[in-house]
Amino acid sequence: MGNQLYKLHILHNSTLITMTIPPDHTVLQLREAIQSNTGVDPCQQVLFCGSQILRMKNKDSLEKTEVVNGSTMDRTCVELGNIEIQVLGFEKMSSESRQKLLVLEKKGPIFPIDRQVEYENVKSEIGTLKQHLVELIEGLDKMKISEDDLNNKTRKKEIAYKIRTVLDQIEKIHKNIKKSLDEIESHIA
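Residues numbered from 1 in each chain as written. Predicted model: local features only at pLDDT ≥ 70, side-chain atom pairs only at ≥ 80, totals over all residues. Heavy atoms only, no water.

Draft legend 1. Representation of the overall build of the protein chain in the model. A tally of regular secondary structure across the protein chain gives 4 helices and 5 strands. Scanning the protein chain from its N terminus toward the C terminus, one meets helices and strands in the order β-β-α-β-β-β-α-α-α. In the protein chain, once contacts between residues fewer than 6 apart in sequence are set aside, the share between residues at least 24 apart is 66%. When the accessible surface of the protein chain is split by element, carbon and sulfur atoms take 52% of a total near 11500 Å². (Helix = DSSP H or I, 4+ residues; strand = E, 2+ residues; numbered from the N terminus. Contact = heavy atoms within 4.5 Å. Areas by Shrake-Rupley, 256 points an atom, 1.4 Å probe, with all protein chains shown as cover.)

Draft legend 2. View of the environment of Arg 98. Of note, Arg 98 is situated in helix 2 (residues 75–107). Among the residues examined, Arg 98 registers a relative accessible area of 33% and is labelled partly exposed. Along the sequence, Arg 98 and Val 122 sit 24 residues apart, while their C-alpha atoms lie 8.9 Å from each other. Ignoring sequence-local partners within four residues, the contact set of Arg 98 consists of Gln 169 and Ile 173. (Buried < 20%, exposed > 50% of the residue type's maximum accessible area, 1.4 Å probe, protein only.)

Draft legend 3. Representation of the side chain of Ser 94 within the structure. Structurally, the position occupied by Ser 94 is in helix 2. Dropping the residues within four chain positions of it, Ser 94 is found in contact with Leu 129, Val 166, Gln 169, Ile 170 and Ile 173.

Draft legend 4. Representation of the pattern of salt bridges in the model. For the structure shown, the criterion picks out 5 salt bridges. A salt bridge links Lys 162 to Glu 91, with the shortest nitrogen-to-oxygen separation between them at 3.5 Å. With a gap of 71 residues between them, Lys 162 in helix 4 (residues 150–188) and Glu 91 in helix 2 connect regions that are remote in the sequence. Taking the shortest distance from any N to any O, the salt bridge between Lys 178 and Asp 182 comes out at 3.5 Å. Pair noted here: Lys 178 and Asp 182 are both in helix 4, with a separation of 4 residues, about one helical turn. (Salt bridge = Lys/Arg side-chain N within 4 Å of Asp/Glu carboxyl O.)

Draft legend 5. Local environment of the confidence of the model for the protein chain. On average, residues of the protein chain carry a pLDDT of 79, and 79% of them reach 70 or more. Confidence, expressed as mean pLDDT per element, reaches its minimum in the protein chain at strand 5 (residues 72–73) with 58 and its maximum at helix 4 with 87. (pLDDT = per-residue confidence, 0-100.)

As structure tokens, then:
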């Protein structure tokens, strides 16, 4: 590659931004350049080359990565990637809530009032989690992907399915908490 500059095209909010970056710049420097042009924090960026997510370290130079000179980094890919990452985080939080519920169920009714507070805390956590997931699915539904972009249309469907799966898990947790709270109420009364 030598000293040839990389010419990259960034699609963000329907605006095409063309950037030239030296090949010896690091991925972090690329992310910072993207931030200065788009306002998207480097930590929240998911970089794609074509339709493939780029798995690279911030310290890697561009010439040692999969970034291709003349690439277009599509906002749709970035948005789908960001939603995918959020869904994975929410999926983990759902599993943690399910684990908390299992622990609470094993504790037994020694101090019913304390257990009630703990159940209410988990109920609040999953309520917030559900709200975030509903917002994600609404945002995903609003995303417009062209009919010929089959790769991103498929990704969008897979992400929507994952969100609905996590929402189903949350609903099961909520039902178990409601049942446990009703049992506690009957013991207190």
